[in-house]
Amino acid sequence: MNSKRLKRIFTLFRITFYISAFTFGGGYVVIPMMRKYFVEDLELITERELMDIAAIAQSSPGAIAVNTAVLVGYRIAGIWGAIISAIGTILPPILILSMISIFYKAFRDNSIISAILKGMEAGVAATIVDLIIDMMQSIVKEKNWLFTLMAPVTFIASFFFNVNVLVLIISCALLAIAQTYIKHMMRGAQ
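Residues numbered from 1 in each chain as written. Predicted model: local features only at pLDDT ≥ 70, side-chain atom pairs only at ≥ 80, totals over all residues. Heavy atoms only, no water.

Rules: UniProt positions are given in the numbering used here, feature names are shortened, and annotations may be inferred rather than shown by experiment.
As recorded in an unreviewed UniProt entry, the chain goes by the name Chromate transporter, listed as coming from Candidatus Atopostipes pullistercoris. Entered under Subcellular location (unreviewed entry) in the UniProt record, the comment concerning the chain runs "Cell membrane". The UniProt entry for the chain carries this comment under Sequence similarities (unreviewed entry): "Belongs to the chromate ion transporter (CHR) (TC 2.A.51) family."

Next comes the structure, spelled out in C-alpha cells:
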C-alpha cells in the first residue's frame, strides 16, 4: 500500500471513529457529520454522492450509520476503506456499551446521567431537522416536483391519515421508478 492510500485509510478510521464516538442519535445524525468532514472539509466525495450513499444505506439491512460509513469508505479507498470505516464506526459503541454494562446500576440510578441523556435528545432532534432541511433544499434545487412533493405528502399521509409506512415506501419507490422510466423513454424518443 502506498503512503497516500495508507494516509487516506487512517483518515477514514480517525473520522469514522470520532463521528461514532461523539454523535448520538443514530444514522440520520451521522450523515450531517459525514457531510462536514468528507464533503466540505476534505472534499473526498460530493454532496450528491453522499445523498446517494445515504439512500442506499437506508434501504440496506443493518444500522444506517455503519452502512453509510462502509459505503463512504469503499467510495474513498476501496475494500480496505470499507473495512476500516466499519471498524471505526462500530468500535466506539462497543467500548461505550461495555463500560455502561459494567456500571449499569450506577448509570441507571444517576439523575445527572438521566438529565444528560434528555439533553442529547434535543440535540439529536435539532440535527435531524437540519438534515431534513438540507436534503429538501437539494431536492428543490433539482426542480423535480415529484420528489419535492413526496416528503410532505408522505408525512401528511402517515401522520394525519395513519397510512402504513410500508405502503408509503412502496408507493414512493414505484412513483420514482415510473418517473425514471418515463424520462428514459422520452430521452430515447428524442
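**What about the UniProt feature "transmembrane region" (unreviewed entry) in the chain?**
Formally: Where helices and strands are cited, they refer to DSSP runs of H or I of at least four residues and of E of at least two residues respectively, numbered from the N terminus.
As annotated in UniProt, the feature "transmembrane region" (unreviewed entry) corresponds to residues 12-31, 79-103, 115-133 and 145-178 in the numbering used here. Secondary structure content for residues 79-103 is 96% helix and 0% strand, and the end C-alpha separation is 37 Å. In residues 115-133, helix accounts for 100% and strand for 0%; the two terminal C-alpha atoms are 28 Å from one another.

**Considering the packing of helix α7 (residues 145-159) against helix α8 (residues 165-189)**
The condition is simple: Angles here are taken between N-to-C directions and fall from 0 to 180 degrees, while the axes themselves are lines fitted to C-alpha atoms, restricted in helices to the stretch in contact. An angle counts as roughly parallel when it lies under 35 degrees, as roughly antiparallel when it exceeds 145, as roughly perpendicular when it falls between 65 and 115, and as oblique in every other case. Handedness of a crossing follows from how the near helix is turned relative to the far one, being left-handed for an anticlockwise turn of less than a right angle and right-handed for a clockwise one. Any pair of residues with heavy atoms lying within 4.5 Å of one another is described as a contacting pair. When residues are sorted by character, Ala, Val, Leu, Ile, Met, Phe, Trp, Tyr, Cys and Pro go into the nonpolar class, Asp, Glu, Lys and Arg into the charged class, and all the rest, Gly among them, into the polar class.
Interhelical geometry of α7 versus α8 gives an angle of 165 degrees and a closest axis separation of 11 Å. Taken as axis vectors, α7 and α8 run roughly antiparallel relative to one another. In this structure, α7 crosses over α8, and the sense of that crossing is right-handed. Of the residues in α8, those touching α7 at Leu146, Phe147, Met150, Thr154, Ala157 and Ser158 are Val165, Leu168, Cys172, Leu175, Ala176 and Gln179. The class makeup of the residues in the contact of α7 with α8 is 9 nonpolar, 3 polar and no charged.

**As for the layout of surface pockets**
For clarity, the cut-off: Both site types are read off a 1 Å grid over the protein atoms alone. A 1.4 Å probe that fits but cannot get out defines a cavity, while an open set with protein on both sides within 12 Å along at least five of seven lines defines a pocket; lining residues have an atom within 4 Å of a point. Grid points are joined across faces, edges and corners, and a volume is the space filled by probe spheres set on the points.
The calculated volume of the largest pocket comes to roughly 1,500 Å³. Looking at the largest pocket, it is lined by 28 residues, and the ones nearest its centre are Ala55, Gln58, Met135, Ile139 and Met150. Elements with a contribution of two residues or more to the lining of the largest pocket: α3 (47-59), α6 (111-141), α7 and α8. Broken down by element, the lining of the largest pocket gets its largest block of residues, 8 residues, from α3. A class-by-class count of the residues in the lining of the largest pocket yields 19 nonpolar, 5 polar and 4 charged.

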